[in-house]
Amino acid sequence: MLTFDEYQQRVIAAVRSLPPRTVDAADAPALLGLVMAESVRTRRALPGFTNSAMDGYAVRAADVRQATVDAPVSLPVAGDIPAGDTRTLRLEPGTAWRIMTGAPLPDGADAVVQVELTDGGLDRVAIREAVDAGRAIRHRGEDVEPGDEVLPAGTLLRPRHVPALISSGVGEVSIIPRPRVAIVSTGDELVPPGQDPGHGQVVDSNAPMLAALATECGFEVTAVRRVGDTAEEVRDVLTELAEHVELIVTSGGVSAGAFEPLKLAFEGGDSFDFVKVAMQPGKPQGFGKLGSATVFALPGNPVSSLVSFLVFVAPAGRVLAGRDPTVHTVEAAVAETWTSPPGRQQFARVVFDDDGRVVRPIGGQGSHVLGGLAGSQALAVVPADTTDVAVGETLHVIPLEGLA
Ligand code: AMP
Ligand code: MG
């Protein structure tokens, strides 16, 4: 039996980041969650031209130096400069242009008086307050200059990075692609989602669940299959899928029964390992390579499948995607006791209480309990040597929301 940490480290160490690919930067929303393989340097200054930070009047600060509420300075208004005005304009001394936020500053102006400090006049404007040179002006290049690095290599693209990427003028960027994932559920008892199961049959809920998990992790699910419990079928389907994806995730057929198709297909070969891991749920695990594809053979009980995906498949998939494999955890105190099997690291379904500071167990902890799974908010990680989880004890907890 392997410890949980041993097995997790083994599967993470067995994968490498996928080779980078060049993609169109204009597709930025489709690149969310991807890692930049190379740094992005802007081709443009930002702002691209000196412009007004306020709606108001472009002036020379020297012309309004005497302005007060009691003795406003009156200037003739040369006209309007709206945002998007592409003319190159000049400000004559002793005059003003009415100017809008983001509009190009006329040559000769060195300040903008915000409209609230004026009478808002159209032909002439009365300015009620002196302003310093530079007031309410955004200078060309004050944010970034051409050649500046706007996104370092390794950046995980988030919505906040998109404006810098799009505005940089870079046509193409180098990214680590999403791992393509195939999901394969095994079991003669399975019927497709949407079909009523007969006696002895169950609806295949693992395939859709694993596909949902992979999608939430930012991977690309390209195939979802269901196969019966024969070694031939499993071998054929997996061999075919391995040519098209980087990651194959199977459910079922890895435990100690008489008809375990993953084991029958691959056990004893040198490309697969079937092991027992000191954890609950998720004790039987299979891991291997088929061609260039990495295969995770997860146990079929739905809760076991979910836990195994979160702690093994997701970290390995993140490595393929050039990301950090670490499983995100928070700390919470135990509000209600429960038991954990000796010598096994338990992943207990819990709900948060008291604003997330404490957790309590929910439902039965059997690995087949679907209702309890739906109602749970997190997995509390109980160390292998703990058998009675004590009230007040602090545990690491894996939230089940927001995996990406
Ligand atoms: P196995 O790991 O194949 O021995 O399956 C363990 C348990 O999980 C059995 O009760 C199966 O019926 C159930 N199971 C296996 N695969 C699925 C699936 N795709 N969807 C729902 N339940 C499943
Ligand atoms: Mg089975």
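Looking at an unreviewed UniProt entry, one finds the protein named Molybdopterin molybdenumtransferase and attributed to Flexivirga endophytica. Taken directly from UniProt, the Function (unreviewed entry) text for the protein runs: "Catalyzes the insertion of molybdate into adenylated molybdopterin with the concomitant release of AMP."

## Looking at the sheet that holds strand S9 (residues 124–127)
Where strands meet in a sheet, backbone hydrogen bonds hold them as pairs that are either parallel or antiparallel. Taken in spatial order, the five strands of this open sheet run S8-S5-S7-S6-S9, and their pairing is mixed. Strand pairing shows two members of the sheet lacking a second neighbour, strand S8 (111–114) and S9, which therefore form its edges. Sheet twist, expressed as the mean angle between neighbouring strand axes with direction ignored, is 40°. Two strands pair when backbone bridges link them, and strand S6 (residues 73–81) and strand S7 (residues 96–99) are joined in this way by three bridges, in the parallel orientation. Bridge assignment links Ile81 to a residue of S7, and that residue is Ile99.

## Description of the UniProt feature "domain: MoaB/Mog" (unreviewed entry) in the protein
The UniProt record annotates "domain: MoaB/Mog" (unreviewed entry) at residues 182–319. Regarding residues 182–319, the helix share stands at 33% and the strand share at 30%, and the terminal C-alpha atoms are separated by 17 Å.

## Brief notes about helix H6 (residues 302–320)
Along H6, the helix axis deviates most sharply at Phe309, where the bend reaches about 45°. Counting buried residues along H6, 19 of its 19 residues qualify, which places the element largely inside the surrounding structure. Following H6 by one or two positions, Gly322 has its phi on the positive side, about 80°.

## Remarks on the site of ligand 1
Around ligand 1 sit 17 residues in total, of which Glu189, Asp204, Ser205, Gly253 and Gly300 are the nearest. With respect to ligand 1, the side chain of Asp204 contributes an N or O atom lying 2.8 Å from a nitrogen atom. Here ligand 1 loses 75% of its free accessible area of 490 Å² to cover by the protein chains. If you list the elements that add at least two residues to the shell around ligand 1, you get strand S13 (180–186) and strand S15 (202–203). Considering only residue class, the shell around ligand 1 consists of five nonpolar, ten polar and two charged.

What counts as what
- Along each chain, numbering runs from 1 in the same order as the chain's sequence is written.
- Written order determines the labels here, with chains lettered from A and ligands numbered from 1.
- Local features in a predicted model are, by the rule used here, given only for residues with pLDDT of at least 70; side-chain atom pairs are given and counted only at 80 or more, and totals for whole chains, interfaces and linings are based on all residues.
- Hydrogens and waters are ignored; side-chain quantities use all the structure's heavy atoms.
- UniProt positions are given in the numbering used here, feature names are shortened, and annotations may be inferred rather than shown by experiment.
- Two strands are counted as paired when DSSP detects at least two bridges linking them.
- Every helix listed is a DSSP run of H or I at least four residues long, and every strand listed is a run of E at least two residues long, numbered separately from the N terminus.
- Only the stretch in contact is used when a helix axis is fitted, and all axes are lines through C-alpha atoms; the angle between N-to-C directions ranges over 0 to 180 degrees.
- Two axes enter the bend calculation: one fitted to the seven residues ending at the residue in question, the other to the seven starting there, and the bend is the angle between them.
- Think of it in three bands: with a 1.4 Å probe and only protein chains considered, a residue is buried below 20% of the maximum accessible area for its type, exposed above 50%, and partly exposed in between.
- Proximity criterion: a residue is near a molecule or strand once any of its heavy atoms comes within 4 Å of it.
- Polar contact is defined as a pair of N or O atoms within 3.5 Å, subject to the rule that within protein one atom must be able to donate a hydrogen and the other to accept it, and that residues adjacent in sequence are counted only when both atoms are side-chain atoms.
- In this description, accessible areas are obtained by the Shrake-Rupley approach with a 1.4 Å probe, and a residue is regarded as covered only by the protein chains that are shown.
- Note on residue categories: nonpolar means Ala, Val, Leu, Ile, Met, Phe, Trp, Tyr, Cys or Pro, charged means Asp, Glu, Lys or Arg, and polar means any other residue, Gly included.

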